[in-house]
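Architecture at a glance
Residue strings, one per chain:
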Amino acid sequence: MNIPATRVLKFGGTSVADYQAQGRSAQLVAQQTESRIVVVSAAAGVTNALVGLSQAIDPEAAENFRTLIRDRQQHFFEALGEPDALKASYWTLLEELDACGPCLGQERDRLLSLGERFSSLFFAERLRQLGLPALQLPARFLIATDSHFGQGEPDVARTRQQVQIALNDHQGEILVTEGFVGADSDGNITTLGRGGSDYSAALLAEAADADWVEIWTDVKGLYTTDPRLVPNAQPLAELSFAQAAELATFGAKVLHPKTLWPAMRRDIPVFIGSTLDASGGTVIRREVSGERRYAALALRKNQTLLKITSPEMLYSYGFLARAFSLLAKHHISVDLVTTSEISIALTLDERGSEQALSLQVLEELKELGSIEVSEGLALVALVGDNLNATPQIAAEVFNALGGINVPLICHGASPHNLCFLVEDKDGPLAIQRLHARLFEQRQAVAA
Ligand code: ADP
Ligand code: ASP
Ligand code: MG
């Protein structure tokens, strides 16, 4: 098989939110000449409405969600001129929507995938109306996953096989597919977790041997922190895989946390840009020029702090192994860890866990020692280079926080981050104070 170089372009929810946004995104595809795969998200707000529908016990609430979703899709269908070629597929999707109500597991994943399935149908048509050879190809024929509904784990080898066959069968065409969506080996639709369209784009790029991935969104790249929290935040021209991966993991919503894994495996640069202003953007790649002591700040809300205290830990071995194997048995993912002589403190994020701390888990944990659980916390991460070898870093960071209480600090495991917890309510202020001190004042001094 001789497949030409491939580019993968992904358009997020705001970039396909309505006919106008869809048009801007379609123009960006039209401006590129490489053969490519286009990945689209559901129009902004549609997946939230589908989640609402999947949980709506009250029939009236369910109908309100369906109406909202139907109206959003009807907008595209009418604006595209109600093309005959789309009618059958569009009506089938509407029928599927009408048949859906509260659901879980496999049924829920199928329901949540509807937003992307509508989006890709309309986006492919929009490209064809611009004269491009676009073909809608469902992601269930491309992205192979296990049967872990809600958090499908990709099967990289099978995905590669399917993508290579599709590229070979459709040479010269632009394949338009859904982000966020895959299928298990029985053909059941799965989803990759909220925000998973970025991950889809990177997985497809890996499978297609692409040389470049573009993530098109509503901000001009990765910023020094979330520009919604700090209007003075600045876009970064380039960032290393390692730094960007830390930022995505610790809460920079602009990239799904797993997006960079496939890109790193195949060394594929990832560009992030804005469909509202396509000039500029961030390139994430293995090597970047120069060292950046402080690159960016991230905030992740809804953290749980679990403390296990046991005198048995003193001078003993195997205690940590027992604690972690218990959490692993219950598929609970741990982020930060600190230990003292007789206690261990760790943070949990329900996003990475199959379940929150259930009563059963708590009962089992109590067999290890006394348990303390604190909720309503936020994780703040400072990401940069050589942070573990930076004199004065702790003084600089914690002085900047002023009186904000810090229940846990993690530093030293990675040269690329310093992390700590604050109360959820203090999270935005912590980021604003740190940004002012470490990014704005430093810059002013340097200037
Ligand atoms: P999309 O729908 O295109 O996937 P998302 O809403 O998932 O877009 O991600 C884009 C948002 O990520 C931005 O609007 C911004 O508020 C947020 N964000 C958080 N941290 C950062 C950061 N460091 N740089 C840029 N954007 C960030
Ligand atoms: N539409 C999905 C979500 O809102 C996936 C994505 O947009 O990346 O979570
Ligand atoms: Mg996103």
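Small disclaimer: the values here were computed from a predicted structure and weren't measured.

1. Regarding the pairing of strand E13 (residues 343-349)
- For E13, the tally of buried residues reaches seven of seven residues, placing the bulk of the element in the interior.
- With burial as the criterion, each face of E13 is covered, one bearing Ser 343, Ala 345, Thr 347 and Asp 349 and the other bearing Ile 344, Leu 346 and Leu 348.
- By the bridge criterion, seven bridges tie strand E11 (residues 294-309) to E13 in an arrangement that is antiparallel. Counted as the bridge partner of Ile 308 is Ile 344 from E13.
- Both strand E12 (residues 334-339) and E13 contribute to a ladder of four bridges, which runs antiparallel. Looking at the pairing, Thr 339 lines up with Ile 344 of E13.

2. Quick word on the UniProt feature "binding site: substrate" (unreviewed entry) in the protein chain
- In the numbering adopted here, UniProt assigns the feature "binding site: substrate" (unreviewed entry) to Thr 47 and Glu 116. Across 70 residues, the annotated set stays spatially compact, with a maximum C-alpha separation of 8.4 Å.
- Judged by relative accessible area, which is 9%, Thr 47 ranks as buried.
- Not counting chain neighbours up to four residues away, the residues in contact with Thr 47 comprise Ala 42, Glu 116, Phe 180 and Arg 194.
- Along the chain, Glu 116 turns up in helix H6 (residues 114-129).
- Every residue in contact with Glu 116, bar those within four places of it in the chain, is listed here: Val 40, Ser 41, Ala 42, Thr 47, Glu 178, Gly 179, Phe 180, Val 181 and Ser 197.

3. As for the pattern of salt bridges
- Following the criterion strictly, the structure yields 24 salt bridges and no others.
- With its nearest N and O atoms 2.6 Å apart, the salt bridge here joins Arg 117 to Glu 96. Here Arg 117, found in helix H6, pairs with Glu 96, found in helix H4 (residues 84-98); they are 21 residues apart in sequence, far enough to count as distant. Taken individually, Arg 117 and Glu 96 each receive the classification buried, so the pair is uniform in this respect.
- A salt bridge links Arg 437 to Glu 396; the nearest nitrogen and oxygen atoms lie 3.4 Å apart. With Arg 437 in helix H14 (residues 427-446) and Glu 396 in helix H13 (residues 393-400), this residue pair connects regions lying 41 residues apart in the sequence.
- Looking at Arg 437, the relative accessible area reads 30%, which means it is partly exposed.
- Since its relative accessible area comes to 15%, Glu 396 is described here as buried.

Rules and cut-offs
- Residues numbered from 1 in each chain as written.
- Chains lettered and ligands numbered in written order.
- Predicted model: local features only at pLDDT ≥ 70, side-chain atom pairs only at ≥ 80, totals over all residues.
- Heavy atoms only, no water.
- Buried < 20%, exposed > 50% of the residue type's maximum accessible area, 1.4 Å probe, protein only.
- Helix = DSSP H or I, 4+ residues; strand = E, 2+ residues; numbered from the N terminus.
- Pairing = 2+ DSSP bridges.
- UniProt positions renumbered as here; feature names shortened; annotations may be inferred.
- Contact = heavy atoms within 4.5 Å.
- Salt bridge = Lys/Arg side-chain N within 4 Å of Asp/Glu carboxyl O.

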